[in-house]
Amino acid sequence: MRVDTDSPTMPLVVEHLRLRASLYGLLSRAFLAEPTTEDIGRMVQAIALIDRLAQVAACAALSDACRAMMARLDGLADSEEAPHRLACEFARAFLVGAEAVAPYASVHQSEERLTMQAQRDVVLQFYRRHGLGRRTACTEPEDHIGLQLEFLSAMSSAAAECGGHELAANLAAQGRFLTETLLPWVSRFAARLQEAVPDGCYAVLARVLEGFLRFDRSVLLPALDAESRAEPLAFA
């Protein structure tokens with residue numbers, strides 16, 4: 001596979017990669033910790049952007065999830081109580097009580113439903129293979145969904161600085177990571193959040209995440225790959 005670094009579409013590829021890195025970074029923080037007021041404002045902007053991408057690509061399910069999330073966030077960005085309210089929702093969704101949902105691949109994919117299983121090892125191998133460690137002080141297991149999203153953010157940032165075969169290899173690795181480590185369990189994660197906290201923001205955010213991951217794997221990554229090889233798709 002040859003990546004044409006002199007292609008007139010390369011500036012657009014770089015712009016999209018940096019934007020994609022930002023989106024994954026915001027989604028990562030949303031699932032790793034309670035949001036600050038600034039995080040809420042950025043999330044409103046990110047969801048609106050994902051919705052626009054979904055509309056351009058005619059991804060109705062993703063667009064519907066984005067609009068449901070925007071309805072939940074409506075008014076929160078300017079509310080002094082917003083961080084406290086979402087901190088309570090975060091605790092209810094992931095930390096406290098029998099209904100809390102574990103955000104780890106191992107729990108959703110292993111028969112034992114325990115942490116630190118084989119799925120964590122697969123994720124860790126991806127991290128090590130690409131020389132990317134954690135960019136946060138988080139002590140969660142490596143297969144935490146927030147850390148996996150952080151890895152994609154870091155890979156997309158690195159891709160924006162790549163050229164030639166290195167860029168092609170980076171995009172291919174991101175596709176494999178999505179296919180092998182995130183997509184196999186994100187639907188179960190989203191479904192369990194819907195059961196546990198059907199009235200909460202995080203259940204809706206998980207729907208957005210599931211739709212965005214599928215959109216990224218089937219639409220956005222192939223478009224970036226084609227554009228980087230001077231074979232533009234109908235996506236801009």
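Residues numbered from 1 in each chain as written. Predicted model: local features only at pLDDT ≥ 70, side-chain atom pairs only at ≥ 80, totals over all residues. Heavy atoms only, no water.

Engineer: It is not clear to me how the packing of helix α2 (residues 37–56) against helix α3 (residues 60–73) should be interpreted in this structure. Could you clarify?
Structural biologist: Helix packing geometry: the angle between the two helix axes and the distance between the axes. One can describe the packing of α2 onto α3 by two numbers: an axis separation of 8 Å at closest approach and a directional angle of 155 degrees. Regarding the angle of α2 to α3, the classification is roughly antiparallel. Judged by the twist between their axes, the crossing of α2 over α3 is left-handed. Along its contact with α2, which presents Met 43, Val 44, Ile 47, Ala 48, Ile 50, Asp 51, Ala 54 and Gln 55, the element α3 presents Leu 62, Ser 63, Cys 66, Arg 67, Met 69, Met 70 and Leu 73. Residues belonging to the contact of α2 with α3 are distributed by class as follows: 11 nonpolar, 2 polar and 2 charged. (Axes fitted to C-alpha atoms, helices over the stretch in contact; angles between N-to-C directions. Helix = DSSP H or I, 4+ residues; strand = E, 2+ residues; numbered from the N terminus. Parallel < 35°, antiparallel > 145°, perpendicular 65-115°, else oblique. Left-handed = near helix turned anticlockwise from the far one by under 90°. Contact = heavy atoms within 4.5 Å. Nonpolar A, V, L, I, M, F, W, Y, C, P; charged D, E, K, R; others polar.)

Engineer: What should I look at first to understand unusual backbone geometry in this one?
Structural biologist: Trans is the prevailing form of peptide bonds, just as negative phi is the prevailing case for residues other than glycine. In this structure, Ala 58 is a non-glycine residue whose phi angle is positive, near 60 degrees. Checked against the element boundaries, Ala 58 lands in the loop between α2 and α3. A positive phi is found at Met 116, a non-glycine position, where the angle reads about 60 degrees. Assignment of secondary structure puts Met 116 in the loop between α5 (105–109) and α6 (118–129). Assessed through its relative accessible area of 45%, Met 116 is described here as partly exposed. (Buried < 20%, exposed > 50% of the residue type's maximum accessible area, 1.4 Å probe, protein only.)

Engineer: How should the confidence of the model for the protein be read in this particular structure?
Structural biologist: Close inspection of predicted coordinates is inappropriate in any region flagged by low pLDDT. Of the residues in the protein, 89% reach a pLDDT of 70 or more, and the chain-wide mean stands at 87. Here helix α9 (residues 201–228) stands out as the least confident element of the protein, with mean pLDDT 89; helix α7 (residues 145–159) is the most confident, with 95. Below pLDDT 50 for its whole length, residues 1–5 participates in 17 contacts with residues either more than four positions away or in separate chains. Confidence over residues 232–236 falls short of pLDDT 50; this stretch has 18 contacts with residues more than four positions distant or in other chains. (pLDDT = per-residue confidence, 0-100.)

Engineer: Explain the packing of α6 against α7 here, please?
Structural biologist: Relative to each other, α6 and α7 sit at 25 degrees, their axes nearing to 11 Å. In terms of axis orientation, α6 runs roughly parallel to α7. Like other packed secondary-structure pairs, α6 and α7 cross with a definite hand, here left-handed. Packed against α6, whose contacting residues are Val 123, Phe 126 and Tyr 127, the element α7 presents Leu 147, Gln 148 and Phe 151 at the interface. Classifying every residue of the contact of α6 with α7 gives 5 nonpolar, 1 polar and no charged.

Engineer: Please clarify how α3 should be interpreted in this entry.
Structural biologist: Since the α-helix advances by 3.6 residues per turn, residues separated by three or four positions end up pointing in the same direction. Between the first and last C-alpha of α3 there are 20 Å, a value that for 14 residues agrees with the 20 Å anticipated at 1.5 Å per step. All buried positions along α3 are accounted for by Leu 62, Ser 63, Ala 65, Cys 66, Met 69 and Leu 73. Take α3 and look down its axis: the buried residues cluster within an arc of 160 degrees, on one side only. Residues Ala 61 and Ala 71 are exposed on α3 and point more than 90 degrees away from its buried face. (Expected span 1.5 Å × (residues − 1). Arc of directions from axis to C-beta.)

Engineer: Teacher, can you tell me more about the environment of Glu 34 here?
Structural biologist: Tracing the backbone shows Glu 34 in the loop between α1 (10–32) and α2. Given a relative accessible area of 38%, Glu 34 falls into the partly exposed group. Sequence-distant contacts of Glu 34, that is, excluding residues within four places in its chain, are made with Asp 39, Ala 87, Phe 90 and Leu 95.

Engineer: How should I be thinking about the environment of Asp 225 in this particular structure?
Structural biologist: Position of Asp 225 among the secondary structure elements: in helix α9. Residue Asp 225 is classed as buried on the basis of its relative accessible area, which comes to 15%. In the structure, Asp 225 is positioned 53 residues away from Ala 172 in sequence and 8.6 Å away in space, judged by C-alpha atoms.

Engineer: Got a minute to help me understand the pattern of salt bridges in this structure?
Structural biologist: Pairs may arise between side chains of opposite charge once their charged atoms sit close together. Under the defined criterion, the tally for this structure stands at 9 salt bridges. Measuring nitrogen to oxygen at the nearest pair gives 3.2 Å for the salt bridge that ties Arg 92 to Asp 199. Placement of the pair is Arg 92 in helix α4 (residues 82–95) and Asp 199 in the loop between α8 (164–196) and α9, with a sequence separation of 107 residues. Given the relative accessible area of 48%, Asp 199 is considered partly exposed. The network of salt bridges with shared partners includes Arg 29, Asp 39 and Arg 42. (Salt bridge = Lys/Arg side-chain N within 4 Å of Asp/Glu carboxyl O.)

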